[in-house]
Amino acid sequence: MEGLFIQTLVSGLLIGFLYALIAVGLTMIFGMMDIVNFAHGDYLMVAMYFSFWCFALFGMDPLYSLPAVTLLLFGLGILTYYLLIKPIINAPMLSQIFVTFGVLIFLRGLATFLWKVDYRMIPQTVLSGNIHLGDVYIGIPQLTAAAGAIICNGLVLWFLKKTRLGMALEAVAEDKEAARLMGINSDRMFALAWGIGIATVGVAGALLTSFYYVFPEVGANFGLIAFVVVALGGFGSVTGAFAAGIIVGLVEVLSGFLIGPQFKFMFVLVLYLGVVFIRPQGLLGKK
Amino acid sequence: MLNVEGVQLRYSNIPVIHDVSFRVDQGEIVSIIGGNGNGKSTILKGLSGIIHPLIGKVTFNGQDITKASSDAIVALGMSHVPEGRRLFPNLTVLKNLRLGAFLTRDTVEINRRLDYVYGIFPILKERSEQKASTLSGGEQQMVAIARGLMSKPKLLLLDEPSWGIAPILVEKIFAVIREIRKDGVTILLVEQDVQEALDICDRAYVIQTGRVAQEGTGQELLASETIQKSFLGL
Ligand SMILES: Nc1ncnc2c1ncn2[C@@H]1O[C@H](COP(=O)(O)OP(=O)(O)OP(=O)(O)O)[C@@H](O)[C@H]1O
Ligand SMILES: [Mg+2]
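Parameters at a glance
- Residues numbered from 1 in each chain as written.
- Chains lettered and ligands numbered in written order.
- Predicted model: local features only at pLDDT ≥ 70, side-chain atom pairs only at ≥ 80, totals over all residues.
- Heavy atoms only, no water.
- Helix = DSSP H or I, 4+ residues; strand = E, 2+ residues; numbered from the N terminus.
- Rg over C-alpha atoms; globule rule 2.2 N^0.38 Å.
- Buried < 20%, exposed > 50% of the residue type's maximum accessible area, 1.4 Å probe, protein only.
- Contact = heavy atoms within 4.5 Å.
- Areas by Shrake-Rupley, 256 points an atom, 1.4 Å probe, with all protein chains shown as cover.
- Phe/Tyr/Trp six-rings, centres within 6.5 Å; stacked < 30°, edge-to-face > 60°.
- Lys NZ or Arg CZ within 6 Å of the ring centre and 35° of its normal.
- Axes fitted to C-alpha atoms, helices over the stretch in contact; angles between N-to-C directions.
- Parallel < 35°, antiparallel > 145°, perpendicular 65-115°, else oblique.
- Left-handed = near helix turned anticlockwise from the far one by under 90°.
- Nonpolar A, V, L, I, M, F, W, Y, C, P; charged D, E, K, R; others polar.
- Near = heavy atom within 4 Å.
- Polar contact = N/O pair within 3.5 Å; in protein donor to acceptor, adjacent residues only side chain to side chain.
- Donors = N, O, S within 2.8 Å, 3.2 Å for Na, K, Ca; no water.
- Buried area = accessible area lost by both parts, 1.4 Å probe.
- Salt bridge = Lys/Arg side-chain N within 4 Å of Asp/Glu carboxyl O.
- Lys, Arg positive; Asp, Glu negative; His and termini not counted.
- Core = buried A, V, L, I, M, F, W, Y, C linked by side-chain atoms within 4.5 Å.
- pLDDT = per-residue confidence, 0-100.
- Expected span 1.5 Å × (residues − 1).

## Some details on the overall build of chain A
Okay, step 1: Counting its secondary structure elements, chain A contains eleven helices and two strands.
Okay, step 2: Put simply, chain A runs from its N terminus to its C terminus through helices and strands in the order α-α-α-α-β-β-α-α-α-α-α-α-α.
Okay, step 3: Radius of gyration (C-alpha) of chain A: 19 Å, near the 19 Å computed for a compact globule of 287 residues.
Okay, step 4: With the principal axes as the frame, chain A shows a C-alpha extent of 60 × 45 × 35 Å.
Okay, step 5: Here chain A holds 287 residues, and the buried ones make up 52% of them.
Okay, step 6: Counting contacts in chain A only where the partners sit at least 6 residues apart, residues at least 24 apart contribute 77% of the total.
Okay, step 7: A total of about 12,700 Å² of accessible surface is found on chain A, and carbon and sulfur atoms cover 72% of it.

## Description of the packing of aromatic side chains
Okay, step 1: All told, the structure shown has 14 aromatic pairs over all chains when counted by the stated rule.
Okay, step 2: Three or more aromatic residues link up through ring pairs in this structure, and these residues are Tyr49(A), Phe52(A), Trp53(A) and Trp115(A).
Okay, step 3: The residue whose ring lies beneath Arg164(A) is Phe102(B), and the NZ or CZ to ring-centre distance is 4.2 Å.

## Examining the packing of helix α9 (residues 218-233) of chain A against helix α11 (residues 264-278) of chain A
All names here are of chain A.
Okay, step 1: Contact geometry of α9 with α11 gives a least axis separation of 9 Å together with a crossing angle of 30°. By the angle class used here, α9 and α11 are roughly parallel. By crossing handedness, the relation of α9 to α11 is classed as left-handed. Contacts between α9 and α11 involve Asn221, Leu224, Ile225, Phe227, Val228, Ala231 and Leu232 on the former and, on the latter, Phe265, Val268, Leu269, Leu271, Tyr272 and Val275.
Okay, step 2: Its residues placed into classes, the contact of α9 with α11 shows twelve nonpolar, one polar and no charged.

## Brief notes about the site of ligand 1
All names here are of chain B.
Okay, step 1: Ligand 1 sits among 14 residues. The nearest are Lys40, Ser41, Thr42, Glu83 and Gln192.
Okay, step 2: Between ligand 1 and the protein, one listed contact pairs an oxygen atom with a side-chain N or O atom of threonine 42 at 2.4 Å.
Okay, step 3: One of the side-chain N or O atoms of glutamine 192 is found 2.8 Å from an oxygen atom in ligand 1.
Okay, step 4: Contact with the protein chains covers 60% of the free accessible surface of ligand 1, which is 630 Å².
Okay, step 5: Among the elements that make up the shell around ligand 1, the one with the highest residue count is helix α1 (residues 40-48) (four residues).

## A short note on the coordination of the magnesium ion (ligand 2)
Residue and element names in this part refer to chain B.
Okay, step 1: Coordination of the magnesium ion (ligand 2) by the protein involves Ser41 (OG), Glu83 (OE) and Glu83 (OE), with metal-donor separations of 1.9 to 2.7 Å. Of the two residues, serine 41 sits in helix α1 while glutamate 83 sits in the loop between β6 (78-81) and α3 (93-100), which places them 42 residues apart along the sequence.
Okay, step 2: Given a relative accessible area of 39%, glutamate 83 falls into the partly exposed group.

## Observations regarding the interface of chain A and chain B
It is common to report an interface's size as the accessible area lost on association of the parts.
Okay, step 1: With 21 residues of chain A in contact, the opposing surface of chain B contributes 23 residues.
Okay, step 2: In total, about 2,100 Å² of surface goes out of reach between chain A and chain B, with carbon and sulfur atoms giving 60% of it.
Okay, step 3: For the pair chain A and chain B, the interface holds two salt bridges.
Okay, step 4: In this structure, the salt-bridge partner of Glu177(A) is Arg86(B), at a minimum N-O distance of 4.0 Å.

## Quick look at the pattern of salt bridges
Residues and elements named next belong to chain B.
Okay, step 1: The tally for this structure, following the rule as stated, stands at 14 salt bridges over all chains.
Okay, step 2: Between glutamate 109 and arginine 112 there is a salt bridge, with its nearest N and O atoms 2.6 Å apart. On the criterion of helical spacing, the pair formed by glutamate 109 and arginine 112 is a turn pair, its members being three residues apart in helix α4 (residues 107-120).
Okay, step 3: Of the charged contacts in the structure, one is a salt bridge between arginine 113 and glutamate 109, with a shortest N-O distance of 2.8 Å. Taken together, the residues arginine 113 and glutamate 109, both in helix α4 and four residues apart, mark about one turn of the helix. Exposure class is identical for arginine 113 and glutamate 109. Each is buried.

## A short note on the side chain of Lys40(B)
All names here are of chain B.
Okay, step 1: Mapped onto the secondary structure, lysine 40 falls in helix α1.
Okay, step 2: No salt bridge is formed by the buried lysine 40, whose closest oppositely charged neighbour, glutamate 160, lies at an N-O distance of 4.4 Å.
Okay, step 3: Polar contacts involving the side chain of lysine 40 include one to the main-chain carbonyl oxygen of glycine 35, which spans 3.0 Å.
Okay, step 4: Apart from the residues within four sequence positions on either side, lysine 40 is in contact with Ile32, Ile33, Gly34, Gly35, Glu160, Val190 and Gln192.

## Some words on the nonpolar core
Okay, step 1: If you look at the biggest cluster of nonpolar residues, it comprises 115 residues, and the most contacted ones within it are Met33(A), Leu169(A), Ile184(A), Leu2(B), Phe22(B), Leu47(B) and Leu188(B).
Okay, step 2: Among the elements that take part in this core, helix α8 (residues 186-208) of chain A stands out by supplying 14 residues, more than any other.
Okay, step 3: Other than its neighbours up to four places away in sequence, Ile184(A) contacts Ala168(A), Ala171(A), Val172(A), Ala179(A), Met189(A), Leu99(B) and Phe102(B).
Okay, step 4: With 47 residues, the next largest nonpolar core counts Val176(B), Leu221(B), Ile227(B) and Leu232(B) among its residues.

## A closer look at the confidence of the model for chain B
Okay, step 1: Summary statistics for chain B give a mean pLDDT of 94 and a share of 100% for residues scoring 70 or more.
Okay, step 2: With a pTM of 0.90, the predicted complex shows an ipTM of 0.93.

## Quick notes on α9(A)
Residue and element names in this part refer to chain A.
Okay, step 1: With 16 residues, α9 should reach 22 Å at 1.5 Å per residue; the first-to-last C-alpha distance of 23 Å fits that figure.
Okay, step 2: In terms of burial, α9 is a largely internal element, 13 of the 16 residues being buried.
Okay, step 3: A positive phi of about 105° marks glycine 234, the residue just after α9.

## Points about the packing of helix α2 (residues 40-58) of chain A against α8(A)
All names here are of chain A.
Okay, step 1: Their axes nearest at 8 Å, the elements α2 and α8 cross at an angle of 50°. It follows from the interaxial angle that α2 and α8 lie oblique. Handedness of the α2/α8 crossing: right-handed. Only Gly197, Ile198, Val201, Gly202, Ala204, Gly205, Ala206 and Leu208 of α8 make contact with α2, whose side of the interface consists of His40, Tyr43, Leu44, Ala47, Met48 and Ser51.
Okay, step 2: The residue inventory of the contact of α2 with α8, partitioned by class, reads nine nonpolar, five polar and no charged.

Next up, the structure:
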């Protein structure tokens, strides 16, 4: 019983890091330009299919195709910005919601059309296997995903805090007009935020493919969780998303363990509602 | 250095500046004065590329910048210290200053400029790792001016540098403006404190409902009856 409990904690922690990674792009894009990307989880789905097909067609392990998938998603993020977001950047919120929601429907529809609703999984990857510490089994793919998420999140944070471009991104998030007065081209910074925001989802998707099914709706749950994480961490707060990802991961597995697996998402949503009512700005949010 | 000819500026479709012409010569301090809501800040925004004139022409060192983007204008050597400071509140003082030099990648040059602004405002060096929002109003104004200097401008636009700071600091800020000019930076100053603005400047323009109502040297305007009545309460 005790071993099982620790086992649960560990898996919650591991998945929590991944949630944080998925949420980071969402919160970053929101923080920069006040746009909620409803299709965020569906970019994850796209990344997972890329990763899956790299395996199915070329026999490339998801771990090895990760850089390519990341790059592709980076490009997709930039493309999304220039094609779809830029034209509506000053539009009313409702138009913005329609556009990103439209992307969600489009991507899911496209995936269903191209690849059917089948659940696909890579049976054996270079990471397959477990390690055990005492009574606790840890899947190597899950462990790798968590480590990858920590590294990737660390890189994002380092980029934002320590580099010239990262600083410019933060400046645009803080005050667009003042940033322009510094000679910062906010348009390019928005594009960069979309590139990075979607690329991080690419990393998450690539890591996930080693142990999770790929299907057209796979982004729905992860997208939803990303929203909870972003709300909990504070809209626009990258560090908040790190902490919140872990909390959501733990809440999910613990409620699944203590009450029943069928309730685990319910408790995540209860957590979400709790945040909205008690601390709408989130853990580390401003305002 | 700066030449503004028949410029009209509008927000959405409402003209705020109807027809304004003026010039700033190399090495001058030129003041723009006028009551609240007469469009002084709007003029500065029109120069730094935050908004663009639909009618009229702006040239800077011989280049037409009427339609230029703000990054191009900063690159040409104009820097705008906006009304209300507009610091990046959650970033440190040092980051705010570094962002002022965004267009420069040369770290040696950036450090040289940091030394220069720390020389002008020694207190900022002590505050460099503090969040900008935790500074006093006067210190924040110093950061705003220092940040504006970090792009090494030839022309510095200052919008109400005395806004919301203690009188003793106002003196200090104006002393700094004189010092900056001595270092070769030309200055276009928008200021509520008309006495100070006219004292410090070589020439000044009075803006009223979006037009130039009066112009002259600082001394001429200080002696002018209309100015004394409308601004100096004499
Ligand atoms: N972003 C904006 N959108 C619409 N109207 C604006 C905007 N900014 C300023 N205005 C209007 O333009 C007019 C001129 O404003 P501006 O800020 O240029 O005046 P000002 O002379 O700088 O005033 P103050 O001395 O109060 O700073 C005002 O009527 C103001 O309401
Ligand atoms: Mg003003």
